[in-house]
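Read off the chains here:
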Amino acid sequence: QVQLVESGGGLVQAGGSLRLSCAASGSISNIHLRGWYRQAPGKQRELVADITIAGSTTYADSVKGRFTISRDNAKNTLYLQMNSLKPEDTAVYCCNYRSYSGKYDYWGQGTQVTVSS
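Residues numbered from 1 in each chain as written. Predicted model: local features only at pLDDT ≥ 70, side-chain atom pairs only at ≥ 80, totals over all residues. Heavy atoms only, no water.

A. Main features of the side chain of Thr77. Summarising the element assignment, Thr77 is placed in strand E8 (residues 77-82). Of note is the side chain of Thr77, whose polar atom sits 2.8 Å from the backbone oxygen of Lys75. Ignoring anything within four residues of it in the chain, the contact list for Thr77 reads Ser21, Cys22, Ala23, Ser70, Arg71, Asp72 and Tyr97. (Helix = DSSP H or I, 4+ residues; strand = E, 2+ residues; numbered from the N terminus. Polar contact = N/O pair within 3.5 Å; in protein donor to acceptor, adjacent residues only side chain to side chain. Contact = heavy atoms within 4.5 Å.)

B. Region of the structure containing the nonpolar core. Counting residues in hydrophobic clusters, the biggest one holds 28 residues, and the most contacted among them are Trp36, Leu80, Met82 and Tyr93. Residue assignment for this core shows that the elements contributing at least two residues are strand E1 (2-7), strand E3 (18-26), strand E5 (46-52), strand E7 (67-72), E8, strand E9 (91-98) and strand E11 (111-116). Excluding residues that lie within four positions of it along the chain, Met82 makes contacts with Gly16, Ser17, Leu18, Leu20, Arg66, Phe67, Tyr93 and Val113. (Core = buried A, V, L, I, M, F, W, Y, C linked by side-chain atoms within 4.5 Å. Buried < 20%, exposed > 50% of the residue type's maximum accessible area, 1.4 Å probe, protein only.)

C. Broad picture of the state of the cysteines. If you walk through the whole model with that rule in mind, you get one disulfide. One disulfide in the model links Cys22 with Cys95; its S-S distance is 2.1 Å. Its torsion about the S-S bond being 60°, the disulfide of Cys22 and Cys95 is classed as right-handed. With Cys22 in strand E3 and Cys95 in strand E9, this pair connects stretches of sequence that are 73 residues apart. Exposure class is identical for Cys22 and Cys95. Each is buried. Cysteine Cys94 remains unbridged, with the sulfur of Cys95 as its closest cysteine sulfur at 7.4 Å. On the basis of relative accessible area, Cys94 is assigned to the buried category, the value being 8%. (Disulfide = S-S within 2.5 Å.)

D. Inspection of the pairing of E9 at higher detail. With six of its eight residues buried, E9 lies for the most part within the structure. Where E9 and E11 come together, three bridges link them in antiparallel fashion. Bridge assignment links Tyr93 to a residue of E11, and that residue is Thr111. Here E9 pairs with strand E10 (residues 105-107) via three bridges, running antiparallel. Residue Tyr97 lies in a different strand from E10, and its bridge partner there is Tyr106. Count of turn residues in the E9/E10 antiparallel hairpin: six residues, of which Gly102 carries a positive phi of about 85°. (Pairing = 2+ DSSP bridges.)

E. Representation of the pattern of salt bridges within the structure. Per the counting criterion, the structure on display carries four salt bridges. For the salt bridge of Arg38 with Asp89, the shortest nitrogen-to-oxygen distance reads 2.9 Å. You can see Arg38 sitting in strand E4 (residues 33-39) and its partner Asp89 sitting in the loop between E8 and E9, a full 51 residues away along the chain. The class of Asp89 is buried, set by a relative accessible area of 1%. With a closest N to O distance of 2.8 Å, Arg66 and Asp89 form a salt bridge. (Salt bridge = Lys/Arg side-chain N within 4 Å of Asp/Glu carboxyl O.)

Below you can see the structure in the form of structure tokens.
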């Protein structure tokens, strides 16, 4: 069982930055993929970025060049550094740990990111 606790969301002005954190506890030995998703009001949840256990990353086209996903294994924490934020980045951001098979699939509680114009 894995528990994910998120922090770092908030209200920022367009052009500003935030760093989201996702602290994991429990056994993550079966986890292959760690990622960040977001969901804006009236829209479907979308993948923002993910990272494999080998360190390979994937980003949504809308955030490439602005967001960076990273891990700190010593702290068992996943990060999302968000720079040059835009109002369209406003959403609830959730972290996710899962196995490739989908047998293990864990979500954080979500943290609100609001970017003002």
